[in-house]
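Reading the structure
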Amino acid sequence: MLNVQHISGGYGNTPLLSDISFHVEKGKMVGILGPNGCGKSTLLKVISGIMSPTFGSVIIDGKDINHYSTRELARKMTILPQLHATAFSSTVRETVSIGRYPHQSGFFSSWGAEDERAVKKAMQQTGVEKYEDHYLEFLSGGEQQRVFIAQALAQASSLLLLDEPTNHLDIAHQKQILDMIRREVTKNKLTVVSVFHDINLASLYCDEILLMENGKVKAFGAPHEVLLEEQIEDVYRTRISIKAHPEQPKPQMTILPDVDEHSEEKIITINHLNIREEYIEFKSSFPLRVLSSSVHNAGLGWYANFINRTVQPDYDIDHVHEEYYQYLVHEGFSPTNTVGMMTAVDTKKAVIKKYEMPYGEVFVVVTAGVGNAIDVSQSYKRKYGDRVGTINTWVIINGKLSDEAFVQAMMTATESKSKALQHEEVYDCISDTLATGTPTDSLLIAATQQGKFMQYGGPITEVGQVIGRGVFEATVEAIQTYRKGDS
Ligand SMILES: Nc1ncnc2c1ncn2[C@@H]1O[C@H](COP(=O)(O)OP(=O)(O)OP(=O)(O)O)[C@@H](O)[C@H]1O
């Protein structure tokens, strides 16, 4: 649809764009990214024909843009430049109607039902219909921006060039406008080339990204091919991290600030752990990075408090998450800063172990109820377990773990727990084979993310060795205590 071939150019004698080539298929959305001043807006001006290149050509549907008449080109392509504060003296409807100019044979002389429909639809799509008789100067920056997007849509051309279309919009309107543009791309085969400052929005909504640096193409391809940590750090000269979006297969970027808030050392000691009547508590003055399969706040996050709460063996309610939340509030814990587990085992039967490692202390806390122990390889033979019993394990590390180490630490701890059950000859009462755990076990790995960096957490790593040993010893002792008692 759009073919940009070897474009070079600039302002006056200053070269800015250098040999830029890329191709956009019909019905695709391309995002242009790059640092301030790298030439993104200038490239858009050249593509639209507002500025002539010193070399190269812009081909739309097989024809050089210089061979289109002005009106023909305006029907093919719409450009929405960056919005600057200006005095406007027209209404919203009048402003949007200007988008229909290329479809008139004489200015407004042949205004027809089709134009009326296009203006109405564009105002509806952008949510500005309710302001249609208002003067633009009385609208907010974001509302004005949506009016200009409506004007561009009313033009109903097949190629839309946008320069930071959402820079004045709040997140709900960013989403509304980009969802709507994306729908036009997918359903009606609109082709879009848009400059973005927000790398995450570009990644979410675009099929391809053109990354520019100093007037040149640094990379062009699908978001996951272009948005690479090292490449973005290099181009923008800033520290960032790239992770997966929670719902879409699109990379998302987070800035890593260089602020120094680590004036005091953040160290965990045994004093952070307490055994109370109703729960075992870990309370710290700073959040730790945590990976867990808890009832409350499972997954990966940062939390300062962990609790393992003892409930009655007949605890069985429909809204566990809601009930747990209310419990935390009642007990004075911040629900957004706390990870919560549940057990039927008496808190007095918890085992806490401390290991002195060269890099700092590691704590392992286990409560083991094995009344419902199962052999995971035989679990398909039974229906949902009807007896209570859960093994809850915490591993708290003074150290800095990579994501990889967190996941490996989970595996190491799980294997070690199974080994403890084997050692204590805990049996699955249905299959009559050695048990590997219970159906409701929870595991938490937490690290201060200070001090020694640990890339890996497998069994032969420094941290893996202490997890393997610690979880085994604590679980064995917890099973023995559980069996001795009456719980
Ligand atoms: N009309 C102009 N005359 C002379 N120089 C200009 C003109 N417009 C832009 N420039 C210069 O050209 C360079 C590239 O500008 P351009 O607006 O294309 O960058 P950009 O990548 O869009 O930047 P930003 O992210 O800040 O919007 C800048 O150094 C800018 O100062």
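Residues numbered from 1 in each chain as written. Predicted model: local features only at pLDDT ≥ 70, side-chain atom pairs only at ≥ 80, totals over all residues.

**A closer look at the overall build of the chain**
Quick reminder of the rule: Only runs of H or I of at least four residues qualify as helices and only runs of E of at least two qualify as strands under DSSP, and these elements are numbered from the N terminus. Atoms considered for the radius of gyration are the C-alpha atoms alone. The globule rule reads 2.2 Å times the number of residues to the power 0.38. Here a residue counts as buried when 20 or more other C-beta atoms fall within 10 Å of its C-beta, as exposed when 12 or fewer do, and as partly exposed in between; the C-beta atoms come from the backbone. Remark: residues whose backbone-derived C-beta atoms lie within 7 Å of one another are considered to be in contact.
Broken down by element type, the chain carries twelve helices and 24 strands. Computed over its C-alpha atoms, the radius of gyration of the chain comes to 31 Å, more than 25% above the 23 Å expected for a compact globule of 487 residues. Based on the C-alpha atoms only, the size of the chain along its principal axes is roughly 95 × 45 × 45 Å. The buried share of the chain, reckoned over its 487 residues, is 41%. In the chain, the proportion of contacts linking residues at least 24 apart, taken out of those at least 6 apart, comes to 72%.

**Details of the nonpolar core**
Short version of the rule: In this description, a nonpolar core means buried residues of the types Ala, Val, Leu, Ile, Met, Phe, Trp, Tyr and Cys, linked to one another by C-beta atoms lying within 7 Å.
Among the nonpolar cores identified, the biggest contains 63 residues, and Ala150 and Leu161 are the most heavily contacted of them. Here the element with the most residues in this core is helix H5 (residues 141-154); it accounts for seven residues. Among all residues touching Leu161, those that are not within four sequence positions of it are Leu44, Ile47, Ser48, Met77, Thr78, Ile79, Leu80 and Val193.

**Considering the packing of helix H11 (residues 403-423) against helix H12 (residues 462-484)**
Our working definition: The axes used here are C-alpha line fits, helices contributing only the stretch in contact, and every angle between their N-to-C directions lies in the interval 0 to 180 degrees. Crossings are sorted by hand: turned counterclockwise from the far helix by less than a right angle, the near helix makes the crossing left-handed, and turned clockwise it makes it right-handed. In this classification, Asp, Glu, Lys and Arg are treated as charged, Ala, Val, Leu, Ile, Met, Phe, Trp, Tyr, Cys and Pro as nonpolar, and every other residue, Gly included, as polar.
Where H11 contacts H12, the two axes come as close as 8 Å, and the packing angle between them is 35 degrees. Crossing of H11 over H12 shows right-handed handedness. Facing H11, whose interface residues are Ala405, Gln408, Ala409, Thr412, Ala413, Ser416, Lys417, Lys419, Ala420 and His423, H12 presents Val463, Gly464, Ile467, Gly468, Val471, Phe472, Thr475, Val476 and Ile479. Along the lines of polarity and charge, the residues of the contact of H11 with H12 split into ten nonpolar, seven polar and two charged.

**Quick notes on the pairing of strand S11 (residues 240-244)**
Side-chain direction in a regular strand flips from residue to residue, so the side chains alternate between the two faces of the sheet. To be explicit about the condition: The criterion for strand pairing is that DSSP finds at least two bridges linking the strands in question.
Across the five residues that make up S11, only a small minority, zero, are buried. The sheet contact formed by S11 and strand S12 (residues 251-255) spans five bridges and is antiparallel. Within the sheet, the bridge partner assigned to Ala244 lies in S12 and is Pro251. With antiparallel pairing between neighbouring strands as the criterion, S11 and S12 make up a hairpin whose turn holds six residues.

**Quick word on the site of the ligand**
Selection rule: For each residue, a C-beta atom is placed from the backbone, and the residue counts as near a molecule or strand when that atom lies within 6 Å of it.
Neighbouring the ligand are Tyr11, Leu16, Gly34, Asn36, Gly37, Cys38, Gly39, Lys40, Ser41 and Thr42. The leading source of residues in the shell around the ligand is helix H1 (residues 40-48), at three residues. In terms of residue class, the shell around the ligand is made up of three nonpolar, six polar and one charged.

**Observations regarding the sheet that holds strand S3 (residues 29-33)**
The six strands lie next to each other as S6-S7-S8-S3-S9-S10, forming an open sheet whose pairing is mixed. For this open sheet the edge positions go to strand S6 (77-80) and strand S10 (216-221), each flanked by a neighbour on one side alone. Averaged over all pairs of adjacent strands, the angle between their axes in this sheet comes to 15 degrees, without regard to strand direction. Pairing geometry for S3 and strand S8 (residues 191-195), over four bridges, is parallel. What sits directly across from Gly31, in S8, is Ser194.

**Notes on the sheet that holds strand S4 (residues 55-60)**
Judged by pairing direction, the sheet is antiparallel, and its four strands sit side by side in the order S2-S1-S4-S5 without closing on themselves. A single partner strand is all that each edge strand has here, and the edge strands are strand S2 (14-24) and strand S5 (63-64). Where strand S1 (residues 2-11) meets S4, five bridges bridge the pair, whose relative direction is antiparallel. Bridging from a neighbouring strand, Gln5 pairs with Ser57 of S4.

**Considerations on the domain arrangement of the chain**
To keep things clear, this is the line we draw: Domain segmentation is taken from an automatic or database assignment of domains.
Per the domain assignment, the segments of the chain are domain 1 (2-255) and domain 2 (272-484). One C-alpha centre belongs to domain 1, the other to domain 2, and the line joining them spans 51 Å.

**Considerations on the confidence of the model for the chain**
Heads up, the condition is: On a range of 0 to 100, pLDDT expresses the predictor's confidence in each residue.
Scored by pLDDT, the chain comes out at a mean of 91, with 95% of its residues at no less than 70. Confidence estimates for the predicted assembly give a pTM of 0.83 and an ipTM of 0.97.

**A look at the pairing of strand S18 (residues 360-368)**
In terms of burial, S18 is a largely internal element, seven of the nine residues being buried. One ladder, built from seven bridges, connects strand S17 (residues 351-357) with S18; its direction is antiparallel. Note that in S18 the partner of Ile352 across the bridge is Val365. With antiparallel pairing between neighbouring strands as the criterion, S17 and S18 make up a hairpin whose turn holds two residues. When S18 meets strand S19 (residues 391-397), the two strands line up antiparallel, connected through seven bridges. For Thr367, the partnering residue across the bridge sits in S19 and is Asn392.

**Details of helix H6 (residues 171-188)**
Definition in use: In this scheme, a helix's expected span is set at 1.5 Å multiplied by one less than its residue total. The arc in question is formed by the directions pointing from the helix axis toward the C-beta atoms.
For H6, spanning 18 residues, the distance from its first C-alpha to its last is 25 Å, which sits close to the expected 26 Å at 1.5 Å a residue. Residues of H6 that are buried: Ile177, Leu178, Ile181 and Val185. Along the long axis of H6, the arc covered by the buried residues comes to 90 degrees, so they all point the same way. The exposed residues of H6 that point more than 90 degrees off its buried face are Ala172, Asp179, Arg183, Lys187 and Asn188. Those residues of H6 that are buried lie in contact with S3, helix H4 (113-126), H5, S8 and helix H7 (199-205). Looking one or two places after H6, you find Lys189, whose phi comes out positive at around 60 degrees.

**Some remarks on the environment of Val426**
You can see Val426 is positioned in the loop between H11 and strand S21 (427-428). With 27 C-beta atoms packed within 10 Å, Val426 lands in the buried category. Those residues in contact with Val426 that sit more than four places away from it in its chain are Val370, Ala373, Leu421, Ala435 and Ile479.

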